[in-house]
Amino acid sequence: MGIFALPLDSDIISENQLIETGFADIKLMIKREDLIHPEVPGNKWRKLKYNLVRAREIGEPTLLTFGGAFSNHIAAVAAAGRLYKFSTIGIIRGEELSDKIDGNPTLKFAAECGMKLVFIPRSQYALKESQDFIENLRSRLGKFYLIPEGGTNALAIRGCEEILTDAERGFEYICTAVGTGGTLSGLVNSAGPNQKVLGFPAIKGIWSKSEFLALADRVDQCELLLDYHFGGYGKTTAELIEFINKFYSDYQIKLDPIYTGKMMFGIFDLIAKGYFKPGSSILAIHTGGIQGVNGMNKQLLKKKQPIIEFL
Ligand SMILES: *Cc1c(COP(=O)(O)O)cnc(C)c1O
(Lines give C-alpha, C1' and ligand atoms only; values in the text may rest on other atoms or scores of the structure.)
Protein backbone atom coordinates (compact mmCIF):
# COMPACT_ATOMS: atom_id res chain seq x y z
CA MET A 1 0.00 0.00 0.00
CA GLY A 2 1.00 3.54 -0.61
CA ILE A 3 3.80 2.80 -3.01
CA PHE A 4 2.57 5.20 -5.66
CA ALA A 5 1.88 8.90 -5.45
CA LEU A 6 -0.84 10.41 -7.65
CA PRO A 7 0.63 12.99 -10.03
CA LEU A 8 0.06 16.60 -8.95
CA ASP A 9 0.13 17.95 -12.50
CA SER A 10 -2.57 16.00 -14.30
CA ASP A 11 -6.30 15.36 -13.93
CA ILE A 12 -7.53 12.45 -11.85
CA ILE A 13 -11.03 11.34 -12.85
CA SER A 14 -12.97 8.84 -10.76
CA GLU A 15 -15.53 6.29 -12.00
CA ASN A 16 -19.28 6.53 -11.53
CA GLN A 17 -21.22 3.49 -10.45
CA LEU A 18 -24.97 2.93 -10.73
CA ILE A 19 -26.92 2.21 -7.53
CA GLU A 20 -30.18 0.31 -8.04
CA THR A 21 -32.38 1.98 -5.45
CA GLY A 22 -35.56 0.13 -6.32
CA PHE A 23 -37.15 3.45 -7.30
CA ALA A 24 -37.41 3.13 -11.08
CA ASP A 25 -37.97 6.83 -11.72
CA ILE A 26 -34.82 7.97 -9.90
CA LYS A 27 -31.32 7.43 -11.22
CA LEU A 28 -28.66 7.35 -8.52
CA MET A 29 -24.96 7.07 -9.25
CA ILE A 30 -22.05 7.18 -6.84
CA LYS A 31 -18.78 8.84 -7.79
CA ARG A 32 -16.00 6.66 -6.50
CA GLU A 33 -13.60 9.31 -5.27
CA ASP A 34 -12.86 6.86 -2.47
CA LEU A 35 -10.95 4.70 -4.95
CA ILE A 36 -8.53 7.33 -6.28
CA HIS A 37 -5.86 6.34 -3.76
CA PRO A 38 -5.72 3.77 -0.92
CA GLU A 39 -4.09 6.11 1.59
CA VAL A 40 -5.04 9.60 0.42
CA PRO A 41 -8.56 8.95 -0.84
CA GLY A 42 -11.50 11.04 -1.80
CA ASN A 43 -11.74 14.68 -1.00
CA LYS A 44 -8.64 14.52 1.20
CA TRP A 45 -6.41 14.18 -1.84
CA ARG A 46 -8.41 16.82 -3.71
CA LYS A 47 -7.94 19.22 -0.81
CA LEU A 48 -4.25 18.51 -0.39
CA LYS A 49 -3.24 18.61 -4.04
CA TYR A 50 -2.69 22.35 -4.55
CA ASN A 51 -1.42 22.76 -1.01
CA LEU A 52 1.31 20.21 -1.75
CA VAL A 53 2.10 22.04 -4.98
CA ARG A 54 2.35 25.35 -3.09
CA ALA A 55 4.50 23.92 -0.29
CA ARG A 56 6.90 22.55 -2.90
CA GLU A 57 6.94 25.86 -4.77
CA ILE A 58 7.95 27.81 -1.71
CA GLY A 59 10.41 25.11 -0.68
CA GLU A 60 8.81 24.36 2.67
CA PRO A 61 9.69 20.77 3.61
CA THR A 62 7.36 20.42 6.62
CA LEU A 63 3.55 20.26 6.72
CA LEU A 64 1.72 20.92 9.98
CA THR A 65 -1.95 20.36 10.57
CA PHE A 66 -4.56 19.67 13.27
CA GLY A 67 -7.11 16.98 13.99
CA GLY A 68 -8.88 14.66 16.36
CA ALA A 69 -7.80 11.12 17.15
CA PHE A 70 -9.85 9.53 14.35
CA SER A 71 -9.35 12.23 11.75
CA ASN A 72 -9.30 11.19 8.09
CA HIS A 73 -7.45 14.43 7.43
CA ILE A 74 -4.62 13.55 9.84
CA ALA A 75 -4.26 10.12 8.23
CA ALA A 76 -4.27 11.67 4.75
CA VAL A 77 -1.68 14.36 5.56
CA ALA A 78 0.58 11.75 7.18
CA ALA A 79 0.33 9.48 4.13
CA ALA A 80 0.79 12.39 1.72
CA GLY A 81 3.92 13.40 3.62
CA ARG A 82 5.41 9.98 3.09
CA LEU A 83 4.37 9.82 -0.58
CA TYR A 84 5.39 13.35 -1.57
CA LYS A 85 8.45 13.58 0.70
CA PHE A 86 7.38 16.13 3.28
CA SER A 87 7.97 15.94 7.01
CA THR A 88 4.65 16.10 8.80
CA ILE A 89 3.50 17.28 12.21
CA GLY A 90 0.02 16.53 13.54
CA ILE A 91 -1.34 18.59 16.43
CA ILE A 92 -3.81 16.20 18.05
CA ARG A 93 -6.74 17.23 20.24
CA GLY A 94 -6.58 15.59 23.67
CA GLU A 95 -3.50 15.22 25.87
CA GLU A 96 -4.77 11.95 27.30
CA LEU A 97 -4.17 10.23 23.95
CA SER A 98 -0.39 10.56 24.01
CA ASP A 99 0.14 7.06 25.43
CA LYS A 100 -2.69 5.47 23.46
CA ILE A 101 -1.23 5.66 19.96
CA ASP A 102 -0.95 1.90 19.52
CA GLY A 103 -4.61 1.36 20.37
CA ASN A 104 -5.82 3.96 17.89
CA PRO A 105 -5.62 2.83 14.24
CA THR A 106 -5.56 6.40 12.84
CA LEU A 107 -2.79 7.67 15.11
CA LYS A 108 -0.83 4.45 14.71
CA PHE A 109 -1.01 4.79 10.93
CA ALA A 110 0.00 8.45 11.08
CA ALA A 111 2.99 7.64 13.31
CA GLU A 112 4.03 4.81 10.98
CA CYS A 113 3.98 7.28 8.09
CA GLY A 114 6.51 9.34 10.04
CA MET A 115 4.16 12.04 11.31
CA LYS A 116 5.34 13.71 14.50
CA LEU A 117 2.32 13.71 16.80
CA VAL A 118 1.97 16.55 19.30
CA PHE A 119 -0.85 16.14 21.78
CA ILE A 120 -2.42 19.23 23.28
CA PRO A 121 -5.21 19.76 25.82
CA ARG A 122 -8.66 20.42 24.41
CA SER A 123 -8.68 23.90 25.97
CA GLN A 124 -5.57 24.86 23.99
CA TYR A 125 -6.80 23.14 20.87
CA ALA A 126 -9.74 25.50 20.77
CA LEU A 127 -7.31 28.40 20.33
CA LYS A 128 -5.40 26.79 17.50
CA GLU A 129 -6.37 29.38 14.92
CA SER A 130 -5.00 32.29 16.96
CA GLN A 131 -1.83 34.03 15.82
CA ASP A 132 -0.23 33.62 19.26
CA PHE A 133 -0.79 29.91 19.22
CA ILE A 134 0.68 29.51 15.74
CA GLU A 135 3.71 31.65 16.65
CA ASN A 136 4.22 29.51 19.71
CA LEU A 137 4.16 26.37 17.56
CA ARG A 138 6.72 27.92 15.20
CA SER A 139 9.09 28.69 18.04
CA ARG A 140 8.67 25.17 19.47
CA LEU A 141 8.66 23.14 16.27
CA GLY A 142 10.40 25.27 13.63
CA LYS A 143 9.09 26.45 10.26
CA PHE A 144 6.17 24.71 8.58
CA TYR A 145 3.48 24.99 5.90
CA LEU A 146 0.19 25.28 7.77
CA ILE A 147 -2.82 23.29 6.63
CA PRO A 148 -5.94 24.14 8.65
CA GLU A 149 -8.02 21.54 10.53
CA GLY A 150 -10.03 19.56 8.03
CA GLY A 151 -7.75 20.85 5.27
CA THR A 152 -10.03 23.58 3.93
CA ASN A 153 -8.54 26.71 2.44
CA ALA A 154 -8.76 28.39 -0.97
CA LEU A 155 -6.30 25.92 -2.52
CA ALA A 156 -8.29 22.99 -1.13
CA ILE A 157 -11.48 24.33 -2.69
CA ARG A 158 -9.68 24.71 -6.00
CA GLY A 159 -8.76 21.04 -5.77
CA CYS A 160 -12.37 20.09 -5.05
CA GLU A 161 -13.47 21.99 -8.16
CA GLU A 162 -11.80 19.16 -10.09
CA ILE A 163 -14.09 16.43 -8.74
CA LEU A 164 -16.89 17.06 -11.25
CA THR A 165 -16.27 16.71 -14.97
CA ASP A 166 -18.18 17.97 -18.01
CA ALA A 167 -19.52 14.44 -18.53
CA GLU A 168 -21.57 14.92 -15.34
CA ARG A 169 -23.48 18.04 -16.42
CA GLY A 170 -26.60 15.91 -16.94
CA PHE A 171 -27.11 15.16 -13.26
CA GLU A 172 -29.70 17.42 -11.68
CA TYR A 173 -28.41 16.83 -8.16
CA ILE A 174 -24.88 16.52 -6.81
CA CYS A 175 -24.68 15.29 -3.20
CA THR A 176 -21.84 15.40 -0.71
CA ALA A 177 -21.21 14.97 2.99
CA VAL A 178 -20.16 18.18 4.74
CA GLY A 179 -17.56 18.72 7.46
CA THR A 180 -15.89 22.09 6.97
CA GLY A 181 -17.68 22.68 3.67
CA GLY A 182 -14.56 22.83 1.52
CA THR A 183 -15.71 20.00 -0.68
CA LEU A 184 -19.20 21.47 -0.94
CA SER A 185 -17.73 24.83 -1.96
CA GLY A 186 -15.64 23.24 -4.69
CA LEU A 187 -18.67 21.39 -6.03
CA VAL A 188 -20.81 24.53 -5.98
CA ASN A 189 -18.12 26.43 -7.88
CA SER A 190 -17.84 23.76 -10.54
CA ALA A 191 -21.49 22.73 -10.91
CA GLY A 192 -23.37 23.71 -14.05
CA PRO A 193 -26.00 26.46 -13.88
CA ASN A 194 -28.87 23.95 -13.76
CA GLN A 195 -27.38 21.64 -11.18
CA LYS A 196 -28.31 21.68 -7.54
CA VAL A 197 -25.69 20.79 -4.93
CA LEU A 198 -27.02 19.13 -1.77
CA GLY A 199 -24.83 19.14 1.33
CA PHE A 200 -25.37 16.72 4.21
CA PRO A 201 -23.64 18.14 7.31
CA ALA A 202 -22.16 15.47 9.59
CA ILE A 203 -22.24 18.00 12.42
CA LYS A 204 -25.13 19.02 14.63
CA GLY A 205 -26.13 22.64 14.97
CA ILE A 206 -28.12 25.26 13.17
CA TRP A 207 -25.92 25.85 10.22
CA SER A 208 -26.34 28.51 7.65
CA LYS A 209 -25.02 28.06 4.19
CA SER A 210 -22.70 31.02 4.62
CA GLU A 211 -20.78 29.20 7.33
CA PHE A 212 -19.83 26.50 4.88
CA LEU A 213 -19.70 28.41 1.67
CA ALA A 214 -17.55 31.39 2.55
CA LEU A 215 -15.42 30.68 -0.47
CA ALA A 216 -18.10 29.54 -2.91
CA ASP A 217 -19.49 31.56 -5.77
CA ARG A 218 -23.09 30.49 -6.30
CA VAL A 219 -24.64 29.84 -2.91
CA ASP A 220 -28.24 29.80 -4.19
CA GLN A 221 -27.57 26.60 -6.10
CA CYS A 222 -26.84 24.81 -2.86
CA GLU A 223 -29.11 23.36 -0.20
CA LEU A 224 -28.15 21.90 3.19
CA LEU A 225 -30.07 18.91 4.54
CA LEU A 226 -29.75 19.27 8.28
CA ASP A 227 -31.52 16.16 9.54
CA TYR A 228 -28.87 13.52 8.90
CA HIS A 229 -26.16 14.18 11.50
CA PHE A 230 -27.25 11.23 13.71
CA GLY A 231 -26.63 13.09 16.94
CA GLY A 232 -23.56 15.06 15.89
CA TYR A 233 -20.02 14.74 14.66
CA GLY A 234 -18.65 11.25 15.15
CA LYS A 235 -21.94 10.05 16.65
CA THR A 236 -23.70 7.01 15.24
CA THR A 237 -26.87 5.04 15.86
CA ALA A 238 -27.63 1.34 15.42
CA GLU A 239 -29.88 2.32 12.52
CA LEU A 240 -27.00 4.04 10.72
CA ILE A 241 -24.63 1.10 11.25
CA GLU A 242 -27.31 -1.29 10.01
CA PHE A 243 -27.80 0.87 6.91
CA ILE A 244 -24.04 0.84 6.19
CA ASN A 245 -23.94 -2.96 6.55
CA LYS A 246 -26.97 -3.43 4.32
CA PHE A 247 -25.56 -1.02 1.74
CA TYR A 248 -22.40 -3.10 1.61
CA SER A 249 -24.27 -6.37 1.22
CA ASP A 250 -26.52 -4.85 -1.48
CA TYR A 251 -23.90 -2.97 -3.51
CA GLN A 252 -20.45 -4.09 -2.26
CA ILE A 253 -19.57 -0.46 -1.58
CA LYS A 254 -18.09 0.52 1.79
CA LEU A 255 -19.45 3.67 3.42
CA ASP A 256 -17.94 5.31 6.48
CA PRO A 257 -19.96 6.09 9.62
CA ILE A 258 -18.84 9.73 10.02
CA TYR A 259 -19.64 11.18 6.60
CA THR A 260 -20.63 9.08 3.58
CA GLY A 261 -22.91 6.70 5.51
CA LYS A 262 -24.91 9.64 6.83
CA MET A 263 -25.14 11.24 3.38
CA MET A 264 -26.26 8.04 1.69
CA PHE A 265 -28.81 7.34 4.42
CA GLY A 266 -30.11 10.86 3.79
CA ILE A 267 -30.32 10.36 0.03
CA PHE A 268 -32.28 7.12 0.40
CA ASP A 269 -34.56 8.74 2.96
CA LEU A 270 -35.19 11.74 0.70
CA ILE A 271 -35.90 9.46 -2.29
CA ALA A 272 -38.42 7.51 -0.22
CA LYS A 273 -40.06 10.74 0.91
CA GLY A 274 -40.45 11.99 -2.66
CA TYR A 275 -38.02 14.89 -2.28
CA PHE A 276 -36.66 14.29 -5.79
CA LYS A 277 -39.10 14.69 -8.64
CA PRO A 278 -39.67 11.63 -10.86
CA GLY A 279 -37.04 11.33 -13.58
CA SER A 280 -34.33 12.99 -11.47
CA SER A 281 -30.75 11.90 -11.69
CA ILE A 282 -28.50 12.17 -8.65
CA LEU A 283 -24.72 11.94 -8.38
CA ALA A 284 -23.51 11.18 -4.85
CA ILE A 285 -19.83 11.85 -4.18
CA HIS A 286 -18.12 9.08 -2.22
CA THR A 287 -15.58 11.20 -0.39
CA GLY A 288 -13.77 8.23 1.22
CA GLY A 289 -13.25 7.93 4.98
CA ILE A 290 -12.96 4.17 5.28
CA GLN A 291 -9.76 4.44 7.34
CA GLY A 292 -11.95 5.53 10.25
CA VAL A 293 -14.07 2.35 10.33
CA ASN A 294 -11.57 0.35 12.36
CA GLY A 295 -11.41 2.95 15.12
CA MET A 296 -15.19 3.36 15.12
CA ASN A 297 -15.67 -0.40 15.46
CA LYS A 298 -13.38 -0.44 18.50
CA GLN A 299 -15.57 2.19 20.14
CA LEU A 300 -18.78 0.40 19.19
CA LEU A 301 -17.49 -2.90 20.59
CA LYS A 302 -16.67 -1.21 23.88
CA LYS A 303 -20.25 0.06 24.06
CA LYS A 304 -21.54 -3.40 23.05
CA GLN A 305 -23.23 -1.94 19.99
CA PRO A 306 -23.48 -3.46 16.51
CA ILE A 307 -20.36 -2.92 14.42
CA ILE A 308 -19.58 -2.33 10.76
CA GLU A 309 -19.11 -5.76 9.26
CA PHE A 310 -17.02 -5.29 6.15
CA LEU A 311 -13.53 -5.00 7.61
C1 LIG B 1 -13.17 15.13 5.58
C2 LIG B 1 -14.30 14.42 4.97
C3 LIG B 1 -15.48 15.07 4.58
C4 LIG B 1 -15.73 16.53 4.86
O5 LIG B 1 -15.18 17.35 3.89
P6 LIG B 1 -15.23 18.94 4.08
O7 LIG B 1 -14.56 19.46 2.87
O8 LIG B 1 -14.48 19.26 5.32
O9 LIG B 1 -16.65 19.34 4.20
C10 LIG B 1 -16.47 14.35 3.95
N11 LIG B 1 -16.32 13.01 3.75
C12 LIG B 1 -15.22 12.34 4.14
C13 LIG B 1 -15.15 10.89 3.93
C14 LIG B 1 -14.18 13.02 4.76
O15 LIG B 1 -13.10 12.35 5.15
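Nothing here was measured: the structure is a model prediction, and the numbers come from that model. (Residues numbered from 1 in each chain as written. Predicted model: local features only at pLDDT ≥ 70, side-chain atom pairs only at ≥ 80, totals over all residues. Heavy atoms only, no water.)

Undergrad: Looking at this structure, how should I read the overall build of the protein?
TA: Summing up its helical and strand segments, the protein has 11 helices and 10 strands in all. Against the globule reference of 19 Å for 311 residues, the protein gives a C-alpha radius of gyration of 19 Å, in line with a compact fold. Here the protein has roughly 13900 Å² of accessible surface; of this, 53% comes from carbon and sulfur atoms. Side-chain charges in the protein split into 36 positive and 35 negative, and the spacing between the mean points of these groups amounts to 4 Å. (Helix = DSSP H or I, 4+ residues; strand = E, 2+ residues; numbered from the N terminus. Rg over C-alpha atoms; globule rule 2.2 N^0.38 Å. Areas by Shrake-Rupley, 256 points an atom, 1.4 Å probe, with all protein chains shown as cover. Lys, Arg positive; Asp, Glu negative; His and termini not counted. Charge placed at Lys NZ, Arg CZ, Asp CG, Glu CD.)

Undergrad: Got a minute to help me understand unusual backbone geometry in this structure?
TA: Negative phi is the rule for most residues except glycine; trans is the rule for most peptide bonds. Although it is not a glycine, Lys85 sits at a positive phi angle of roughly 65 degrees. Since its relative accessible area comes to 71%, Lys85 is described here as exposed. Phi angles above zero are rare outside glycine, and Lys304 is one such case at about 55 degrees. Looking at the element boundaries, Lys304 is found in the segment after helix 11 (293-302). (Buried < 20%, exposed > 50% of the residue type's maximum accessible area, 1.4 Å probe, protein only.)

Undergrad: Would you take a moment to explain the sheet that holds strand 6 (residues 145-146) for this structure?
TA: Strand order in the open sheet formed by 4 strands is 5-4-3-6, and the pairing between neighbours is parallel. Strand pairing shows two members of the sheet lacking a second neighbour, strand 5 (116-120) and strand 6, which therefore form its edges. The sheet strands contacting helix 5 (residues 131-141) are strand 3 (62-67), strand 4 (87-93), strand 5 and strand 6, and the helix crosses strand 3 at an angle near 130 degrees. (Pairing = 2+ DSSP bridges. Contact = heavy atoms within 4.5 Å. Axes fitted to C-alpha atoms, helices over the stretch in contact; angles between N-to-C directions.)

Undergrad: Looking at this structure, I do not really get the pattern of salt bridges. What am I missing?
TA: Close approach of charged atoms lets side chains of opposite charge pair. For the structure shown, the criterion picks out 17 salt bridges. For Glu57, the salt bridge identified is with Arg54, shortest N-O distance 3.6 Å. You can see Glu57 and its partner Arg54 sitting in helix 1 (residues 42-57), 3 residues apart, about one turn around the helix. Note on Glu57: relative accessible area 59%, which makes it exposed. (Salt bridge = Lys/Arg side-chain N within 4 Å of Asp/Glu carboxyl O.)

Undergrad: Sorry if this is basic, but what is going on with the site of the ligand here?
TA: The local shell around the ligand holds 14 residues, among which Lys44, Lys47, Gly179, Thr180 and Thr287 are the closest. Here an oxygen atom of the ligand sits 2.7 Å away from a polar atom, N or O, in the side chain of Thr183. Notes on the ligand: free accessible area 380 Å², of which the protein chains cover 98%. At a threshold of 2 Å from the grid points, most atoms of the ligand map onto the largest pocket. For the shell around the ligand, the secondary-structure elements that each account for two or more residues are helix 1 and helix 7 (182-190). Considering each element in turn, the shell around the ligand owes the most residues, 3 residues, to helix 1. Here the residues of the shell around the ligand are counted per class, giving 2 nonpolar, 10 polar and 2 charged. (Near = heavy atom within 4 Å. Polar contact = N/O pair within 3.5 Å; in protein donor to acceptor, adjacent residues only side chain to side chain. 1 Å grid on protein atoms, 1.4 Å probe; cavity = no way out; pocket = protein on both sides within 12 Å on 5 of 7 lines; lining within 4 Å. Sits in = over half its atoms within 2 Å of the grid points. Nonpolar A, V, L, I, M, F, W, Y, C, P; charged D, E, K, R; others polar.)

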